[in-house]
Amino acid sequence: MFRLQSSKVLAVDMTGDAVKAKNGSMVAYDGEMAFKKLSGGGEGIRGMVTRRLTGEQMTLMEVKGRGTCWFADRASEINLVSIQGDKLYVESSNLLATDGGLRTGTEFTGLRGASQGNGLFTTTVEGHGQAAIMSDGPAVVLRVSAQYPLTVDPGAYVAHQGNLRQSFQSGVTFRTLLGEGGGEAFQMRFEGDGLVYVQPSERNTIAGDV
Amino acid sequence: MSTYGTPGAGPAVFDPATLPPDDNVNPYTFCVELKGSQWFLQKGKMIAYYGSIDFNGVGHGRLDRLVRTSFHSPLHASDWVVAEGSGKMLLADRAFDVNSYDLEDGNLTIRSGNLLAFQPTLALKQSIVPGFLTLIGTGKFVAASNGPVVFMEPPIRVDPQALVGWADCPSPCHHYDHGYMTGVMGGLRALTGLGGASGEEHQFEFVGAGTVLLQSSETLMAEQATGAVPHQAGVPGGGAHSPQAGQSGAPRLPGQLGDLQRRFGL
């Protein structure tokens, strides 16, 4: 059972079940807990090789026991996400913890990933349960539906879930080359049905300066 | 509206119908509603939008008329864009607090890095005080600060790093605690930093009617280049000095650490 102790500390109440969490993110616990490093995020040899090859590396630990365990990472804001059979796409660096029963994997994202400065691959989480993701400043959750497509700055994108198609928009014109661009030359457009998490801060991206 | 106010509750999900028009979504994110209207915004502060919105550099030919009426900082042009279209747009800046302010036939001067966006009914001008911008007219603007903004009434002396801006005060000036810095002991203190230079010997002073805006930390926003002013006699910052030297309008006082303390941000 995930709950937020404060906006920056995640508390997980456990009764013998397990959660996967970012390595070293435990700040306190009471009760009986066992911490075990999961090589390759518990995705097996194939998952390990994929992560090594794609650069989407993530060290996870498995926490199992009875009691309450608290997690936090560099005072980042934490957002709870509930996953009901759909798929959450998140950068591995933004993933704090997931329920033990959720499967994690790696997926190709193409040009969109490159524009965020996070590589061409992203981490997926699927199954039924809860996950906790981190953002710089509290994330705003935006719903995308058929009549309301959404456009997001790649530097502010954190995660998305649901049945979404994403496309990459480039507004690069000759004006951009002259230094007279609109400042938002690269954008991600989401269409379909789902949720997008954006943070009130922009990472430095290749696209940030044009 | 806060997603973390009630621990354990699911986060609030926003769509175009529930996003507040021209208001804060949370303390760090501001939503602007565009209905065929235009907003000026600093480059790269848009984080997401619904609808169809175009972003054009201020140098875009079609915007000439708009720029002529509400943009009087020609050398800022490359830092500003005009958002135009219809939809809802979210603005944020490095997870700093953002707030909107309404001006009614008023004037407000603000540190150039703190201004995020403004309505074209306001005119943006470069302040005589280097590094600051002045907004004149009627309309709404959005500004960021590190920590919530505090409004103070003059007469007041404020720390230079905490100052965000001021409205209606005609008298921003430097103030030095002269007594503390003079004499043999004062000179020693200032030169060596020993014996308690408090770091608060220099303030900005405001008197008269108006409002002074302070942020609740001394972290500065990254300074936006405010452009250069014509090289003319009598124009602050426009003398024969380099722009850096022109930044300080204050005379060098005996007992000051040269430019050292300013370089270290003291």
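In this numbering scheme, every chain counts its residues from 1 along its sequence in written order. Whichever chain is written first becomes A and whichever ligand is written first becomes 1, with later ones labelled in order. Owing to the predicted nature of the model, reporting of local features is limited to residues with pLDDT of at least 70; listing and counting of side-chain atom pairs is limited to 80 or more, with chain, interface and lining totals taken over all residues. Note that the side-chain values use all heavy atoms of the structure and ignore hydrogens as well as water.

Draft legend 1. Seen up close, the overall build of chain A. Numbering goes from the N terminus for both helices and strands, where a helix is a DSSP run of H or I of at least four residues and a strand is a run of E of at least two. Across its full length, chain A carries three helices and 12 strands. Here's how the labels work: a residue is buried when its accessible area is under 20% of the maximum for its type, exposed when over 50%, partly exposed in between, all with a 1.4 Å probe on protein chains only. When burial is assessed residue by residue, chain A has 54% of its 210 residues classed as buried. Sequence separation of at least 24 residues holds for 81% of the intrachain contacts in chain A that already meet a minimum separation of 6. In short, Shrake-Rupley with a 1.4 Å probe defines the accessible areas, and a residue's cover is counted only from the protein chains shown. Summing over all exposed atoms, chain A offers an accessible surface of approximately 9000 Å²; the carbon and sulfur share of this is 51%. It only takes one pair of heavy atoms within 4.5 Å for two residues to be counted as in contact.

Draft legend 2. Structural detail: the sheet that holds strand β12 (residues 156–158) of chain B. All names here are of chain B. Taken together, three strands build an open sheet; the order of strands is β12-β15-β14 and the sheet is antiparallel. The open sheet has two free edges, formed respectively by β12 and β14 (173–176), since each of these has just one partner strand. The average angle at which neighbouring strand axes cross in this sheet is 40 degrees, direction not considered. Paired strands are those between which DSSP finds at least two bridges. Of the strand pairs in this sheet, β14 and strand β15 (residues 202–206) are connected by four bridges, and their pairing is antiparallel. Residue H174 lies in a different strand from β15, and its bridge partner there is F204. Lines fitted to the C-alpha atoms define the axes, with helices restricted to the stretch that makes contact. Angles between their N-to-C directions range from 0 to 180 degrees.

Draft legend 3. Broad picture of the environment of V212(B). Residue and element names in this part refer to chain B. Considering the arrangement of structural elements, one finds V212 in strand β16 (residues 211–215). For V212, a relative accessible area of 0% corresponds to the buried category. Once the C-alpha coordinates of V212 and T109 are considered, the two residues, 103 residues apart in sequence, prove to be 9.6 Å apart. Sequence-distant contacts of V212, that is, excluding residues within four places in its chain, are made with V150, F151, M152, P154, I156, V158, L163, G165, W166, C169 and F206.

Draft legend 4. Structural detail: the interface of chain B and chain A. In this assembly, 36 residues from chain B lie in contact with 36 residues from chain A. Just to be clear on terms, a salt bridge is a Lys or Arg side-chain nitrogen sitting within 4 Å of an Asp or Glu carboxyl oxygen. At the junction of chain B and chain A, the tally comes to zero salt bridges. A 3.5 Å cut-off defines polar contacts: any pair of N or O atoms within that distance qualifies, except that in protein one atom must be a possible hydrogen donor and the other a possible acceptor, and neighbouring residues in sequence count only when both atoms are side-chain atoms. Seen at the junction of chain B and chain A, the total is seven residue pairs in polar contact (both at pLDDT 80 or more). The element best represented in the side of chain B that touches chain A is strand β4 (residues 46–57) of chain B, accounting for nine residues. Classification used: nonpolar for Ala, Val, Leu, Ile, Met, Phe, Trp, Tyr, Cys and Pro, charged for Asp, Glu, Lys and Arg, polar for all others including Gly. Classifying every residue of the side of chain B that touches chain A gives 21 nonpolar, 10 polar and five charged.

Draft legend 5. Representation of the environment of G44(B). You can see G44(B) is positioned in the loop between β3 (29–42) and β4. Sequence-wise, G44(B) and P160(B) are 116 residues apart; in three dimensions their C-alpha atoms are separated by 27 Å.

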